[in-house]
Amino acid sequence: MIPRVDLPADARLDTLAVREGLPPSRWGENSEALFLTSSFVHPDAATAAARFANEEEAFVYSRFSNPTVTMMERRLAAMEGTSGCIAASSGMAAILLVVMGLLKAGDHVVCSQSVFGSTIKLLQDFARFGVETTFVSQTDVAQWRAAMRPTTKLLFAETPSNPLTEVCDIAALAGVAHAGGALLAVDNCFCSPALQRPATLGADLIVHSGTKYLDGQGRVIAGAVCAPAELIDAKLLPVMRSAGMSLSPFNAWVVLKGLETLSVRMQAQSARALELAQWLEAQPAVERVFYPGLASHPQHALAMAQQSGSGGAVVSFVVRGERAGAFATIDATRICSITANLGDTKTTITHPASTSHGRLTEAQRQAAGITQGLIRVAVGLEHIEDLKADLQRGLALLA
Ligand SMILES: *Cc1c(COP(=O)(O)O)cnc(C)c1O
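Okay, so let's go over this structure. (Residues numbered from 1 in each chain as written. Predicted model: local features only at pLDDT ≥ 70, side-chain atom pairs only at ≥ 80, totals over all residues. Heavy atoms only, no water.)

### As for the site of the ligand
- Around the ligand, the surrounding shell consists of Ser90, Gly91, Met92, Phe116, Glu158, Asp187, Cys189, Ser209, Thr211, Lys212 and Ala222.
- One nitrogen or oxygen atom from the main chain of glycine 91 is found 2.9 Å from an oxygen atom belonging to the ligand.
- Protein chains shield 91% of the accessible area of the ligand, which is 380 Å² for the free molecule.
- More than half of the atoms of the ligand fall within 2 Å of the grid points belonging to the largest pocket.
- Taken together, the residues that form the shell around the ligand break down as four nonpolar, four polar and three charged. (Near = heavy atom within 4 Å. Polar contact = N/O pair within 3.5 Å; in protein donor to acceptor, adjacent residues only side chain to side chain. Areas by Shrake-Rupley, 256 points an atom, 1.4 Å probe, with all protein chains shown as cover. 1 Å grid on protein atoms, 1.4 Å probe; cavity = no way out; pocket = protein on both sides within 12 Å on 5 of 7 lines; lining within 4 Å. Sits in = over half its atoms within 2 Å of the grid points. Nonpolar A, V, L, I, M, F, W, Y, C, P; charged D, E, K, R; others polar.)

Right, here's the structure in full:
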């Protein structure tokens, strides 16, 4: 048996974020240890046999079990409110794990058309293995319901979406999934469990790119799936064991320590994002702002109810002057990092039409609302007045 940390059953998220994991080793370390070891030693051959046969719970081999990785999994599961979690080498590996673990040839998936680009590509690639996907509107629940088939096994959503921050109704989608005997998976990258806990709204699986807010400081690539422990043990762990998209103990340790500050970072970064969004709305060179925390956002009420009253830390906006206007604004910044990554304490700025959505045709981009004047800012922890000044420099050129 792998022991548990002795915590009160009603411990809250902030407490779980710094305390859940494994009990310390016999040396009594206060900060979690990094177990850089590929395998674990057994006291005798019979015990080794029992552990390999899954008759005795123990650490065996770091492709599928490692104490540092287990600490991260237990902590994230506690924060998401699920009984289980399995870490993966990246956010995409976590999604691959879900698809490989749950689906077989002949099965059907319904997915939002506004999810992360690589997720769309991955699901399209699975058509080669007989798994078909229908892509539907992020916000229109009727489209999800209409797309359901007797063979539908999985619904996949991501909310808020990137970069337009469209919000989908997790509880409504869980209802559609369960009425059809399917499971709902939610990519909770943009809000993290600090703001949004999809399991409490009926989602069955929560996928994470730990690369983003969970690490929070842009250091490692990591991923995870949170779900009921029985589902993980029956469907996902066997895939991890045979396919080996494992998270390294070092990267797990970085994410584990990142989770300790997740809540305060999300609150501070979201507060800055709200202030920046309000300020942007008042700028003459800005034509439109997309941010769930603004009353002007089409799903503002739903977002506030679903995201602990917070809009998150990503703000997108359209500037005057199309692509030239966007490039001038981006190039005038001296603080923001010009990169497509997000979820960092360093504010990042990107032009979606020529980067993350650059491989779409102009017609596809227009349909998706990714116009040439659109800029996405993932707000970090710099002083808000410095960030405003950083953007003002470029906007002044367009006014
Ligand atoms: C980055 C991202 C992913 C993929 O995560 P990686 O860790 O880069 O593999 C998946 N979903 C969303 C929403 C993301 O932003």
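Picking up after the structure, the text goes on.
### Considerations on the layout of surface pockets
- Empty space within the largest pocket amounts to approximately 1,200 Å³.
- Taken together, 45 residues line the largest pocket, and the ones lying closest to its centre are Val115, Phe116, Gly117, Ile120 and His357.
- Contributing elements (two or more residues each) for the lining of the largest pocket: α4 (91-102), α5 (117-125), β6 (205-209) and α14 (362-368).
- The dominant element in the lining of the largest pocket, judged by the number of residues it contributes, is α5, at five residues.
- Tallied by class, the residues present in the lining of the largest pocket amount to 17 nonpolar, 21 polar and seven charged.
- There are two domains that each give the lining of the largest pocket at least three residues, and those are domain 1 (13-259) and domain 2 (263-398).
- Reported here for the second largest pocket is a volume of approximately 940 Å³.
- If you trace the second largest pocket, you find 37 residues lining it, with Glu57, Thr70, Glu73, Asp233 and Leu237 closest to the centre.
- Secondary structure elements with two or more residues in the lining of the second largest pocket: α3 (67-80), β1 (84-88) and α9 (229-243).
- A per-element tally of the lining of the second largest pocket places α9 first, with seven residues.
- Here the lining of the second largest pocket is built from residues that sort into 18 nonpolar, nine polar and 10 charged. (Points joined across faces, edges and corners; volume = space filled by probe spheres on them. Helix = DSSP H or I, 4+ residues; strand = E, 2+ residues; numbered from the N terminus. Domains from an automatic or database assignment.)

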